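So you can see what is in the structure, the chains are spelled out below.
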Amino acid sequence: MKKFELETILYGIAVSLVFEICSLAVIGPNKLFALGLAVGTLVACIGFIILANMGKAILALKMSIPMVISYIIRMLGYGAVFLICVKISYPCGAGCAIGFTCIPIGLVLLYGFVYRVIKKVKNPLNDWDEPKEWNDLSEYDEEDDWK
């Protein structure tokens, strides 16, 4: 597992723990909510690993079919797990749905906040350090056909 995948999963689990601590304050100790949150986070982690591996397969094969297949597999997995959790209880289903969001929230925290704000890592795609000179297109206004 690459550093990117491991960091993302660890931040997703940390977000899940924060959600559980907050749920203790809001709804009190509820084992079924905690179960749903754990299952939802686990399925989100597995879905993230499938997504990362399919991205590598697409680059290797130069085909987009693996991404469609991985999308279908992940969505069926999310749906099946969510329905099972809702059948157990509604708090379990709510915890499962919240658990699905832990990996995306972990990604935003890690790569949108920690790396950019705390560690001050420069965005390699940002080349706007110096002001750019723009071409003045007003010289072409007379040639405009739409007047």
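Conventions we followed
- Residues numbered from 1 in each chain as written.
- Predicted model: local features only at pLDDT ≥ 70, side-chain atom pairs only at ≥ 80, totals over all residues.
- Heavy atoms only, no water.
- Helix = DSSP H or I, 4+ residues; strand = E, 2+ residues; numbered from the N terminus.
- Core = buried A, V, L, I, M, F, W, Y, C linked by side-chain atoms within 4.5 Å.
- Buried < 20%, exposed > 50% of the residue type's maximum accessible area, 1.4 Å probe, protein only.
- Contact = heavy atoms within 4.5 Å.
- Axes fitted to C-alpha atoms, helices over the stretch in contact; angles between N-to-C directions.
- Parallel < 35°, antiparallel > 145°, perpendicular 65-115°, else oblique.
- Left-handed = near helix turned anticlockwise from the far one by under 90°.
- Nonpolar A, V, L, I, M, F, W, Y, C, P; charged D, E, K, R; others polar.
- Salt bridge = Lys/Arg side-chain N within 4 Å of Asp/Glu carboxyl O.
- Expected span 1.5 Å × (residues − 1).
- Phe/Tyr/Trp six-rings, centres within 6.5 Å; stacked < 30°, edge-to-face > 60°.

**Some remarks on the environment of P91**
Inference 1: Among the structural elements, P91 can be located in helix α4 (residues 90-100).
Inference 2: Note: C-alpha distance between P91 and L35 (56 residues apart in sequence) is 9.3 Å.

**Some words on the nonpolar core**
Inference 1: By size, the foremost hydrophobic cluster in this structure holds seven residues: V43, Y78, V81, C85, C92, C96 and F100.
Inference 2: Those elements that provide at least two residues to this core are α3 (65-88) and α4.
Inference 3: Discounting residues that sit within four places of it in the chain, F100 has contacts with G40, V43, A44, Y78, V81 and F82.
Inference 4: Judged by nonpolar contacts, the second largest core, of five residues, contains I9, C45, F48 and I103.

**Here we look at the packing of α3 against α4**
Inference 1: One can describe the packing of α3 onto α4 by two numbers: an axis separation of 5 Å at closest approach and a directional angle of 150°. Between α3 and α4, the interaxial angle falls into the category roughly antiparallel. At the point where α3 passes α4, the crossing takes the right-handed sense. Residue-level contacts link Y78, V81, F82, C85, V86 and I88 of α3 to Y90, C92, G93, C96, A97 and F100 of α4.
Inference 2: Among the residues forming the contact of α3 with α4, the class breakdown is eleven nonpolar, one polar and no charged.

**Structural notes on the pattern of salt bridges**
Inference 1: According to the stated counting rule, one finds two salt bridges in the structure shown.
Inference 2: We note a salt bridge from E7 to K3, for which the minimum N-O separation is 3.9 Å. On the criterion of helical spacing, the pair formed by E7 and K3 is a turn pair, its members being four residues apart in helix α1 (residues 3-26).

**A short note on α3**
Inference 1: Taking 1.5 Å of rise per residue, the 24 residues of α3 would be expected to cover 34 Å, and the 35 Å separating its terminal C-alpha atoms lies within 8% of that figure.
Inference 2: Where α3 is buried, its residues contact α2 (31-61) and α4.

**Comments concerning the packing of aromatic side chains**
Inference 1: A complete count under the given rule lists two aromatic pairs for this structure.
Inference 2: With a centroid separation of 5.7 Å and an interplanar angle of 55°, the aromatic rings of F4 and F48 are classed as tilted. With F4 in helix α1 and F48 in helix α2, the pair connects residues that are 44 residues apart, well separated along the chain.
Inference 3: For the pair Y78 and F100, a centre-to-centre distance of 4.8 Å together with 50° between the ring planes defines the contact as tilted. Within this pair, whereas Y78 is found in helix α3, its partner F100 is found in helix α4, the two being separated by 22 residues in sequence.

**Topic: the environment of L37**
Inference 1: Tracing the backbone through its elements, the reader meets L37 in helix α2.
Inference 2: Measuring from C-alpha to C-alpha, the distance between L37 and C102 comes to 9.2 Å, with 65 residues separating the pair along the chain.
Inference 3: Discounting residues that sit within four places of it in the chain, L37 has contacts with S16, F19, E20, G95, C96, I98 and G99.

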